[in-house]
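Here is how the chains run, residue by residue.
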Amino acid sequence: MTPKILIVGACGQIGSELTFRLRQIYGDTNVIASDISYNNSEIVNSGIFEILDAKDATAMKICVEKYKINTVYLMAAMLSATGEKFPLKAWDLNTESLFHVLDLAKAGVIKKIFWPSSIAVFGQTTPKQNTPQYTIMEPSTVYGITKQVGERWCEYYYNKYGVDVRSIRYPGIISWKTLPGGGTTDYAVDIYHKALEEGHYDCFLSENTALPMMYMDDAIEATVSIMAAPSESIKIRSSYNLSAVSFTPNDVVKSIKKHLPEFKITYNPDFRQAIADSWPQSIDDSHAREDWGWNHKFSLDDITTEMLTNLKAKQKI
Ligand code: NAD
(Lines give C-alpha, C1' and ligand atoms only; values in the text may rest on other atoms or scores of the structure.)
Protein backbone atom coordinates (compact mmCIF):
# COMPACT_ATOMS: atom_id res chain seq x y z
CA MET A 1 0.00 0.00 0.00
CA THR A 2 1.49 3.37 -1.01
CA PRO A 3 0.76 5.64 1.92
CA LYS A 4 -1.53 8.55 1.13
CA ILE A 5 -1.06 10.52 4.30
CA LEU A 6 -3.01 13.17 6.23
CA ILE A 7 -1.18 14.92 9.08
CA VAL A 8 -3.57 16.55 11.55
CA GLY A 9 -1.87 19.30 13.59
CA ALA A 10 0.91 19.66 11.01
CA CYS A 11 1.90 23.19 12.07
CA GLY A 12 3.09 22.14 15.54
CA GLN A 13 6.53 21.32 16.91
CA ILE A 14 6.54 17.64 15.86
CA GLY A 15 3.91 17.75 13.07
CA SER A 16 5.91 20.30 11.06
CA GLU A 17 9.12 18.27 10.99
CA LEU A 18 7.18 15.07 10.41
CA THR A 19 5.49 16.65 7.39
CA PHE A 20 8.85 17.48 5.76
CA ARG A 21 10.30 14.03 6.48
CA LEU A 22 7.25 12.14 5.20
CA ARG A 23 7.20 14.26 2.02
CA GLN A 24 10.86 13.42 1.51
CA ILE A 25 10.08 9.69 1.79
CA TYR A 26 6.66 9.39 0.11
CA GLY A 27 6.55 12.46 -2.19
CA ASP A 28 4.89 15.86 -1.84
CA THR A 29 1.55 14.88 -3.35
CA ASN A 30 1.17 11.89 -1.03
CA VAL A 31 1.41 13.93 2.19
CA ILE A 32 -1.38 16.39 3.02
CA ALA A 33 -0.69 18.79 5.89
CA SER A 34 -3.57 20.19 7.95
CA ASP A 35 -4.08 22.31 11.04
CA ILE A 36 -6.77 24.41 12.68
CA SER A 37 -5.04 27.64 11.60
CA TYR A 38 -2.32 29.00 9.33
CA ASN A 39 0.13 29.29 12.23
CA ASN A 40 3.26 28.00 10.47
CA SER A 41 3.88 29.71 7.13
CA GLU A 42 6.71 27.32 6.24
CA ILE A 43 4.30 24.37 6.39
CA VAL A 44 1.36 26.22 4.83
CA ASN A 45 3.48 27.25 1.83
CA SER A 46 5.42 24.02 1.46
CA GLY A 47 2.81 21.83 -0.24
CA ILE A 48 -0.82 20.77 -0.02
CA PHE A 49 -2.36 22.29 3.11
CA GLU A 50 -5.93 22.17 4.44
CA ILE A 51 -7.57 23.96 7.35
CA LEU A 52 -9.06 21.15 9.44
CA ASP A 53 -10.45 21.08 12.98
CA ALA A 54 -9.52 17.72 14.52
CA LYS A 55 -12.71 17.87 16.63
CA ASP A 56 -14.91 18.02 13.53
CA ALA A 57 -15.61 14.42 12.46
CA THR A 58 -17.47 15.42 9.29
CA ALA A 59 -14.73 17.79 8.11
CA MET A 60 -12.14 15.11 8.77
CA LYS A 61 -14.07 12.53 6.74
CA ILE A 62 -14.53 14.98 3.85
CA CYS A 63 -10.80 15.74 3.82
CA VAL A 64 -9.87 12.04 3.98
CA GLU A 65 -12.20 11.23 1.07
CA LYS A 66 -11.12 14.25 -0.99
CA TYR A 67 -7.49 13.09 -1.04
CA LYS A 68 -8.18 9.30 -0.83
CA ILE A 69 -6.18 9.19 2.42
CA ASN A 70 -5.29 5.76 3.81
CA THR A 71 -2.99 6.82 6.70
CA VAL A 72 -3.55 9.49 9.37
CA TYR A 73 -0.95 10.93 11.75
CA LEU A 74 -2.95 12.62 14.53
CA MET A 75 -0.58 15.22 16.02
CA ALA A 76 -3.15 17.78 17.23
CA ALA A 77 -3.41 17.91 21.01
CA MET A 78 -3.35 20.26 23.97
CA LEU A 79 -0.12 19.66 25.88
CA SER A 80 0.55 19.22 29.60
CA ALA A 81 1.13 22.76 30.88
CA THR A 82 -1.63 24.38 28.76
CA GLY A 83 -3.94 21.46 29.60
CA GLU A 84 -3.73 22.32 33.32
CA LYS A 85 -5.04 25.80 32.49
CA PHE A 86 -7.90 24.51 30.30
CA PRO A 87 -8.67 20.98 31.56
CA LEU A 88 -11.98 20.43 29.77
CA LYS A 89 -10.71 21.85 26.50
CA ALA A 90 -7.72 19.50 26.71
CA TRP A 91 -10.03 16.56 27.41
CA ASP A 92 -12.33 17.45 24.49
CA LEU A 93 -9.60 17.97 21.91
CA ASN A 94 -7.38 15.06 22.91
CA THR A 95 -10.12 12.44 23.17
CA GLU A 96 -12.63 13.53 20.50
CA SER A 97 -9.99 13.82 17.78
CA LEU A 98 -8.72 10.31 18.54
CA PHE A 99 -12.22 8.81 18.34
CA HIS A 100 -12.82 10.46 14.96
CA VAL A 101 -9.68 8.90 13.53
CA LEU A 102 -10.22 5.48 15.14
CA ASP A 103 -13.80 5.44 13.82
CA LEU A 104 -12.65 6.24 10.28
CA ALA A 105 -10.38 3.19 10.48
CA LYS A 106 -13.10 1.03 12.04
CA ALA A 107 -15.36 1.95 9.10
CA GLY A 108 -12.58 0.97 6.65
CA VAL A 109 -12.21 4.52 5.27
CA ILE A 110 -8.54 4.64 6.35
CA LYS A 111 -6.12 1.75 6.97
CA LYS A 112 -3.46 2.96 9.37
CA ILE A 113 -3.10 5.46 12.25
CA PHE A 114 -0.22 7.03 14.12
CA TRP A 115 -1.21 8.61 17.43
CA PRO A 116 1.40 9.81 19.93
CA SER A 117 1.13 9.16 23.63
CA SER A 118 3.51 10.60 26.24
CA ILE A 119 5.49 9.91 29.39
CA ALA A 120 2.66 11.89 31.02
CA VAL A 121 0.68 8.62 31.21
CA PHE A 122 2.80 7.80 34.27
CA GLY A 123 2.27 9.35 37.71
CA GLN A 124 3.54 9.68 41.27
CA THR A 125 3.10 5.97 42.02
CA THR A 126 5.05 4.81 38.95
CA PRO A 127 8.66 3.64 39.54
CA LYS A 128 10.72 6.67 38.42
CA GLN A 129 13.96 5.01 37.33
CA ASN A 130 14.01 2.93 34.15
CA THR A 131 10.20 2.98 34.13
CA PRO A 132 8.98 -0.33 32.68
CA GLN A 133 6.58 -0.70 29.75
CA TYR A 134 4.02 -2.36 32.04
CA THR A 135 3.77 -0.64 35.41
CA ILE A 136 1.51 1.39 37.70
CA MET A 137 -0.07 4.26 35.77
CA GLU A 138 -1.89 6.94 37.75
CA PRO A 139 -1.45 10.18 35.77
CA SER A 140 -2.21 13.36 37.72
CA THR A 141 -2.52 15.86 34.84
CA VAL A 142 -5.53 16.10 32.54
CA TYR A 143 -3.09 15.70 29.64
CA GLY A 144 -1.78 12.43 31.11
CA ILE A 145 -5.33 11.22 31.71
CA THR A 146 -6.24 11.87 28.06
CA LYS A 147 -3.15 10.01 26.89
CA GLN A 148 -3.79 7.00 29.14
CA VAL A 149 -7.42 6.82 28.06
CA GLY A 150 -6.29 7.15 24.45
CA GLU A 151 -3.89 4.24 24.85
CA ARG A 152 -6.66 2.02 26.18
CA TRP A 153 -8.95 2.94 23.29
CA CYS A 154 -6.21 2.32 20.69
CA GLU A 155 -5.63 -1.16 22.10
CA TYR A 156 -9.39 -1.76 22.26
CA TYR A 157 -9.94 -0.76 18.60
CA TYR A 158 -7.04 -3.01 17.56
CA ASN A 159 -8.31 -6.01 19.53
CA LYS A 160 -11.99 -5.56 18.76
CA TYR A 161 -12.01 -4.14 15.21
CA GLY A 162 -8.52 -4.91 13.87
CA VAL A 163 -7.65 -1.20 13.54
CA ASP A 164 -3.94 -0.84 12.67
CA VAL A 165 -3.04 1.89 15.16
CA ARG A 166 0.55 2.46 16.28
CA SER A 167 1.78 4.65 19.10
CA ILE A 168 4.84 5.87 20.95
CA ARG A 169 5.10 7.46 24.39
CA TYR A 170 7.28 10.41 23.38
CA PRO A 171 9.54 11.89 26.04
CA GLY A 172 10.26 15.67 25.95
CA ILE A 173 11.19 16.59 22.38
CA ILE A 174 13.99 19.08 21.70
CA SER A 175 14.10 20.95 18.38
CA TRP A 176 15.21 24.26 16.87
CA LYS A 177 12.89 24.76 13.87
CA THR A 178 9.50 25.24 15.57
CA LEU A 179 8.89 26.37 19.16
CA PRO A 180 7.29 23.86 21.54
CA GLY A 181 3.57 24.10 22.24
CA GLY A 182 3.10 24.40 26.01
CA GLY A 183 4.63 21.29 27.61
CA THR A 184 6.53 20.74 30.86
CA THR A 185 9.77 19.86 29.03
CA ASP A 186 9.77 23.14 27.03
CA TYR A 187 12.62 24.49 29.19
CA ALA A 188 15.03 22.21 27.34
CA VAL A 189 14.30 24.13 24.12
CA ASP A 190 13.93 27.64 25.61
CA ILE A 191 17.28 27.36 27.38
CA TYR A 192 19.21 27.18 24.07
CA HIS A 193 17.35 30.19 22.62
CA LYS A 194 18.04 32.27 25.75
CA ALA A 195 21.66 31.10 26.00
CA LEU A 196 22.33 32.60 22.57
CA GLU A 197 20.07 35.65 22.82
CA GLU A 198 20.70 36.77 26.41
CA GLY A 199 23.46 34.59 27.93
CA HIS A 200 21.06 33.87 30.79
CA TYR A 201 18.05 31.62 31.41
CA ASP A 202 15.51 31.68 34.22
CA CYS A 203 14.42 28.05 34.52
CA PHE A 204 10.90 27.04 35.59
CA LEU A 205 12.13 23.66 36.87
CA SER A 206 14.65 23.09 39.67
CA GLU A 207 18.25 22.24 38.81
CA ASN A 208 18.11 18.52 39.64
CA THR A 209 14.83 17.64 37.94
CA ALA A 210 15.70 14.67 35.71
CA LEU A 211 13.37 13.97 32.78
CA PRO A 212 13.51 11.70 29.73
CA MET A 213 14.24 13.70 26.56
CA MET A 214 14.92 13.15 22.87
CA TYR A 215 16.22 15.15 19.91
CA MET A 216 13.64 15.80 17.20
CA ASP A 217 15.52 13.83 14.52
CA ASP A 218 15.39 10.73 16.73
CA ALA A 219 11.67 11.26 17.42
CA ILE A 220 10.91 11.57 13.70
CA GLU A 221 12.94 8.47 12.82
CA ALA A 222 11.12 6.51 15.55
CA THR A 223 7.78 7.65 14.14
CA VAL A 224 8.71 6.77 10.58
CA SER A 225 10.08 3.36 11.55
CA ILE A 226 7.19 2.22 13.75
CA MET A 227 4.83 3.10 10.87
CA ALA A 228 6.99 1.31 8.27
CA ALA A 229 7.38 -1.87 10.37
CA PRO A 230 5.41 -4.99 9.38
CA SER A 231 2.16 -5.22 11.33
CA GLU A 232 3.17 -8.47 13.05
CA SER A 233 6.21 -6.83 14.68
CA ILE A 234 4.02 -4.24 16.41
CA LYS A 235 3.16 -6.34 19.46
CA ILE A 236 2.05 -3.47 21.71
CA ARG A 237 -1.08 -1.66 20.52
CA SER A 238 -1.51 0.69 23.46
CA SER A 239 1.77 2.64 23.17
CA TYR A 240 5.50 1.88 23.27
CA ASN A 241 7.90 3.31 25.85
CA LEU A 242 10.58 5.22 23.94
CA SER A 243 13.82 6.57 25.33
CA ALA A 244 16.98 8.36 24.26
CA VAL A 245 18.59 10.52 26.95
CA SER A 246 17.70 11.61 30.45
CA PHE A 247 19.03 14.81 32.02
CA THR A 248 18.47 17.66 34.49
CA PRO A 249 18.58 21.44 33.83
CA ASN A 250 21.98 21.40 35.54
CA ASP A 251 23.26 18.81 33.02
CA VAL A 252 22.12 21.06 30.15
CA VAL A 253 23.90 24.04 31.70
CA LYS A 254 27.16 22.06 31.88
CA SER A 255 26.74 20.99 28.27
CA ILE A 256 26.01 24.56 27.08
CA LYS A 257 29.01 25.93 29.01
CA LYS A 258 31.31 23.78 26.86
CA HIS A 259 30.32 26.17 24.02
CA LEU A 260 29.35 29.33 25.96
CA PRO A 261 31.41 29.44 29.19
CA GLU A 262 29.78 32.71 30.35
CA PHE A 263 26.24 31.25 30.29
CA LYS A 264 24.30 31.82 33.53
CA ILE A 265 21.12 30.22 34.93
CA THR A 266 18.69 31.03 37.73
CA TYR A 267 15.96 28.71 39.02
CA ASN A 268 12.37 29.78 39.73
CA PRO A 269 10.21 26.63 39.73
CA ASP A 270 6.52 27.27 38.95
CA PHE A 271 3.43 25.00 38.66
CA ARG A 272 5.27 22.86 36.09
CA GLN A 273 7.62 21.55 38.80
CA ALA A 274 4.81 19.45 40.30
CA ILE A 275 4.03 18.01 36.86
CA ALA A 276 7.69 17.15 36.26
CA ASP A 277 7.96 15.59 39.74
CA SER A 278 5.12 13.20 38.87
CA TRP A 279 6.87 11.90 35.73
CA PRO A 280 9.57 9.24 35.26
CA GLN A 281 13.24 10.22 35.29
CA SER A 282 14.31 7.53 32.85
CA ILE A 283 12.50 4.99 30.67
CA ASP A 284 12.99 1.31 29.80
CA ASP A 285 12.25 1.08 26.08
CA SER A 286 13.54 -2.45 25.45
CA HIS A 287 10.25 -3.55 23.81
CA ALA A 288 10.57 -0.86 21.10
CA ARG A 289 14.19 -1.85 20.53
CA GLU A 290 13.35 -5.57 20.28
CA ASP A 291 10.04 -5.39 18.36
CA TRP A 292 10.78 -2.84 15.62
CA GLY A 293 14.48 -2.06 15.93
CA TRP A 294 14.37 1.34 17.65
CA ASN A 295 17.78 2.91 18.28
CA HIS A 296 18.50 6.51 19.23
CA LYS A 297 21.45 8.51 17.89
CA PHE A 298 21.72 11.82 19.78
CA SER A 299 23.37 12.25 23.22
CA LEU A 300 22.92 15.42 25.30
CA ASP A 301 26.19 16.89 23.99
CA ASP A 302 25.12 16.07 20.39
CA ILE A 303 21.81 17.84 21.04
CA THR A 304 23.57 20.90 22.47
CA THR A 305 25.88 21.16 19.45
CA GLU A 306 22.94 20.77 17.04
CA MET A 307 20.77 23.30 18.86
CA LEU A 308 23.42 26.00 19.24
CA THR A 309 24.74 25.60 15.69
CA ASN A 310 21.32 25.64 14.02
CA LEU A 311 19.86 28.43 16.16
CA LYS A 312 22.95 30.57 15.56
CA ALA A 313 22.64 30.03 11.79
CA LYS A 314 18.92 30.86 11.94
CA GLN A 315 19.61 34.13 13.82
CA LYS A 316 21.89 35.23 10.97
CA ILE A 317 19.22 34.76 8.26
P1 NAD B 1 2.15 21.41 19.38
O2 NAD B 1 1.33 22.05 20.42
O3 NAD B 1 3.46 22.01 19.00
O4 NAD B 1 1.29 21.26 18.03
C5 NAD B 1 -0.05 20.89 18.02
C6 NAD B 1 -0.67 21.40 16.74
O7 NAD B 1 -2.06 21.02 16.78
C8 NAD B 1 -0.61 22.94 16.60
O9 NAD B 1 -0.13 23.30 15.34
C10 NAD B 1 -2.08 23.37 16.77
O11 NAD B 1 -2.42 24.50 15.98
C12 NAD B 1 -2.80 22.13 16.29
N13 NAD B 1 -4.17 22.06 16.79
C14 NAD B 1 -4.65 22.46 18.00
N15 NAD B 1 -5.96 22.26 18.06
C16 NAD B 1 -6.33 21.72 16.87
C17 NAD B 1 -7.57 21.30 16.32
N18 NAD B 1 -8.71 21.39 17.01
N19 NAD B 1 -7.55 20.79 15.07
C20 NAD B 1 -6.42 20.69 14.35
N21 NAD B 1 -5.23 21.09 14.82
C22 NAD B 1 -5.19 21.59 16.06
O23 NAD B 1 2.34 19.87 19.79
P24 NAD B 1 3.56 18.89 19.45
O25 NAD B 1 4.61 19.13 20.44
O26 NAD B 1 3.88 18.96 18.01
O27 NAD B 1 2.88 17.49 19.80
C28 NAD B 1 2.34 16.63 18.83
C29 NAD B 1 1.83 15.38 19.53
O30 NAD B 1 2.92 14.75 20.23
C31 NAD B 1 0.76 15.65 20.60
O32 NAD B 1 -0.16 14.59 20.61
C33 NAD B 1 1.54 15.64 21.89
O34 NAD B 1 0.73 15.27 22.96
C35 NAD B 1 2.58 14.58 21.59
N36 NAD B 1 3.78 14.74 22.44
C37 NAD B 1 4.62 15.82 22.28
C38 NAD B 1 5.75 15.93 23.10
C39 NAD B 1 6.72 17.09 22.96
O40 NAD B 1 7.68 17.18 23.72
N41 NAD B 1 6.53 17.98 22.00
C42 NAD B 1 6.01 14.95 24.07
C43 NAD B 1 5.11 13.90 24.23
C44 NAD B 1 4.01 13.78 23.39
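Residues numbered from 1 in each chain as written. Predicted model: local features only at pLDDT ≥ 70, side-chain atom pairs only at ≥ 80, totals over all residues. Heavy atoms only, no water.

Near the ligand there are 28 residues, and of these Gln13, Ile14, Asp35, Ala54 and Tyr143 occur at the shortest range. Separating a nitrogen atom of the ligand from a backbone N or O atom of Ile36 is a distance of 3.5 Å. At a separation of 2.9 Å, an oxygen atom of the ligand approaches a polar backbone atom of Ile173. Summarising the interface, the protein chains cover 90% of the accessible area of the ligand, which totals 820 Å² for the free molecule. Considering every element that reaches the shell around the ligand, the biggest residue donor is helix α1 (residues 13-26), with 3 residues. Split into classes, the residues belonging to the shell around the ligand amount to 15 nonpolar, 10 polar and 3 charged. (Near = heavy atom within 4 Å. Polar contact = N/O pair within 3.5 Å; in protein donor to acceptor, adjacent residues only side chain to side chain. Areas by Shrake-Rupley, 256 points an atom, 1.4 Å probe, with all protein chains shown as cover. Helix = DSSP H or I, 4+ residues; strand = E, 2+ residues; numbered from the N terminus. Nonpolar A, V, L, I, M, F, W, Y, C, P; charged D, E, K, R; others polar.)

Right, let's get into the sheet that holds strand β5 (residues 112-114). Spatial ordering of the open sheet is given by β3-β2-β1-β4-β5-β7, a layout of 6 strands whose pairing is parallel. Whereas interior strands pair on both sides, the edge strands pair on one side only; in this sheet they are β3 (49-51) and β7 (164-166). Averaged over all neighbouring strand pairs, the angle between strand axes comes to 20°, with direction disregarded. Pairing geometry for strand β4 (residues 71-74) and β5, over 3 bridges, is parallel. (Pairing = 2+ DSSP bridges. Axes fitted to C-alpha atoms, helices over the stretch in contact; angles between N-to-C directions.)

Ordered in space as β9-β11-β13, the 3 strands form an open sheet in which the pairing is mixed. Each of the sheet's edge strands pairs with one partner strand only, and the pair in question is β9 (172-174) and β13 (245-247). Going across the sheet, the axis of each strand differs from the next one's by a mean of 45°, ignoring polarity. Here strand β11 (residues 211-215) pairs with β13 via 3 bridges, running antiparallel.

For the chain, the assigned domains are domain 1 (5-172 + 214-241) and domain 2 (174-213 + 245-316). Distance from the C-alpha centre of domain 1 to the C-alpha centre of domain 2: 23 Å. Across the contact, 44 residues belong to domain 1 and 39 residues belong to domain 2. Approximately 3,500 Å² of surface area, both sides summed, lies buried where domain 1 meets domain 2, with 58% of it carried by carbon and sulfur atoms. In this assembly, domain 1 and domain 2 are joined by 2 salt bridges. The partner of Glu17 in a salt bridge is Lys177, and the shortest N-O contact between them spans 3.9 Å. Where domain 1 touches domain 2, the interface holds 22 residue pairs in polar contact (both at pLDDT 80 or more). Contributing elements (two or more residues each) for the side of domain 1 that touches domain 2: α1, α4 (80-85), β11, α8 (216-228) and β12 (240-241). (Domains from an automatic or database assignment. Contact = heavy atoms within 4.5 Å. Buried area = accessible area lost by both parts, 1.4 Å probe. Salt bridge = Lys/Arg side-chain N within 4 Å of Asp/Glu carboxyl O.)

This paragraph deals with the packing of helix α7 (residues 187-197) against helix α9 (residues 249-257). Where α7 contacts α9, the two axes come as close as 11 Å, and the packing angle between them is 30°. Overall, the two elements α7 and α9 adopt an arrangement that is roughly parallel. Our pair here, α7 against α9, has a crossing hand that is right-handed. Of the residues in α9, those touching α7 at Tyr187, Ile191, Tyr192 and Ala195 are Pro249, Val252, Val253 and Ile256. (Parallel < 35°, antiparallel > 145°, perpendicular 65-115°, else oblique. Left-handed = near helix turned anticlockwise from the far one by under 90°.)

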